[in-house]
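Observations on the three-dimensional arrangement
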Amino acid sequence: LASAPRRATCWCMAESLPVLVIGAGFTGTVLARHLARLGVPALLLDAAPPGPGLAYGTADPLHLLNVPAKAMSAFAEEPGHFLDWLRRQDATELGPLCPDGAGPDAFVPRRLYGRYLREVAAGLGHRAIRVEALRRDGAAWVAEPGGIRGRAVALCLGNPPPAPAFAGPGVVADPWAPGALAAIPPGEEVLILGSGLTMADVVLSLRERMGHGAPITALSRHGWAPLGHATPLPAPRPAPPLPVAAG
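Calculation notes
- Residues numbered from 1 in each chain as written.
- Predicted model: local features only at pLDDT ≥ 70, side-chain atom pairs only at ≥ 80, totals over all residues.
- Heavy atoms only, no water.
- Helix = DSSP H or I, 4+ residues; strand = E, 2+ residues; numbered from the N terminus.
- Buried < 20%, exposed > 50% of the residue type's maximum accessible area, 1.4 Å probe, protein only.
- Contact = heavy atoms within 4.5 Å.
- Areas by Shrake-Rupley, 256 points an atom, 1.4 Å probe, with all protein chains shown as cover.
- Pairing = 2+ DSSP bridges.
- Core = buried A, V, L, I, M, F, W, Y, C linked by side-chain atoms within 4.5 Å.

1. Description of the overall build of the chain
- When helices and strands are tallied, the chain shows five helices and nine strands.
- When its helices and strands are written in sequence order, the chain yields α-β-α-β-α-α-β-β-β-β-β-β-α-β.
- Each of the 247 residues in the chain was classed as buried or not, and the buried ones make up 32%.
- Look at the contacts in the chain between residues 6 or more apart in sequence, and 65% of them connect residues 24 or more apart.
- Roughly 15,600 Å² of accessible area belongs to the chain as shown, and the carbon and sulfur atoms make up 61% of that amount.

Structure, rendered in structure tokens:
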């Protein structure tokens with residue numbers, strides 16, 4: 001019983017600490033902002049600046065969101081938040097699929113969404129470190145290096161770098177590494193393992209940005225290309241009234 005007041009003091013001290021959010025890409029940034037809106041302090045821990053992360057860090061305007069603008073708000077309670085932000089941007093930055101401006105069904109460059117996330121992150125606490133270890137100290141969590149203390153931990157680590165299936169000359173293990181595609185000669189045939197959205201990004205960068213003219217072949221286990229978004233269906237017609245039986 002004598003230790004009860006001390007335990008209560010420890011828990012109260014932990015309550016005053018921030019939530020440690022490890023990873024400052026989309027998930028970590030949006031989580032920290034939602035916590036801040038609830039009055040819960042949060043601290044982002046990531047060597048990179050908060051916001052874009054890997055998913056929205058591309059600088060190529062040909063790399064587009066695969067979800068329309070109307071569905072990309074960072075806040076479920078404000079579904080138009082991103083679209084309203086988008087309409088305040090320079091129309092010349094909206095990408096090749098938006099000749100008439102930013103509409104709700106627009107597919108805009110991912111780099112624009114990265115900028116949006118940087119604004120969502122504005123004012124949030126951030127420490128530029130790569131967390132190497134976590135430990136408990138009573139009711140608190142401690143992140144190392146730096147001995148950074150928090151009441152709770154959220155792991156928002158994203159996807160790890162791709163594990164290369166092969167290695168050697170001519171193999172690009174990570175297409176997102178800076179300058180990775182520049183090593184591909186423009187006249188050499190290219191084989192891409194995978195046929196998802198990264199494949200589409202790589203083809204666009206090679207063809208449109210780097211002038212690559214040799215054949216490009218994509219292989220995958222299922223052989224499917226990314227599916228396009230379906231054209232919205234017309235509203236259903238009202239059902240005709242049912243005949244009323246006589247008698």
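2. Some remarks on the pairing of strand β5 (residues 140–144)
- In this structure, strand β4 (residues 133–137) lies alongside β5, joined through five bridges in antiparallel fashion. Paired with A133 across the strands is E144, a residue of β5.
- In this antiparallel pair of consecutive strands, β4 and β5, the connection spans two residues, and G138 shows a positive phi of 65 degrees.
- The loop that links β5 with its antiparallel partner strand β6 (residues 148–150) comprises three residues; one of these, G146, has a positive phi angle of about 110 degrees.

3. Brief notes about the environment of V131
- Relative to the helices and strands, V131 is located in the loop between β3 (125–127) and β4.
- Ignoring anything within four residues of it in the chain, the contact list for V131 reads I22, L45, A143 and E144.

4. A short note on the nonpolar core
- Of all hydrophobic cores here, the largest spans 21 residues; its most connected members are L65, F82, L86, V108, Y113 and Y116.
- Mapped by element, the contributors of at least two residues to this core are α3 (81–86) and α4 (110–121).
- In terms of residue count, the dominant contributor to this core is α4 (five residues).
- Not counting residues within four places of it along the chain, the set of residues in contact with L86 comprises A69, L94, A102, V108 and L112.
- Formed by 11 residues, the second largest nonpolar core is a distinct cluster that contains A32, L35, L44 and C156.

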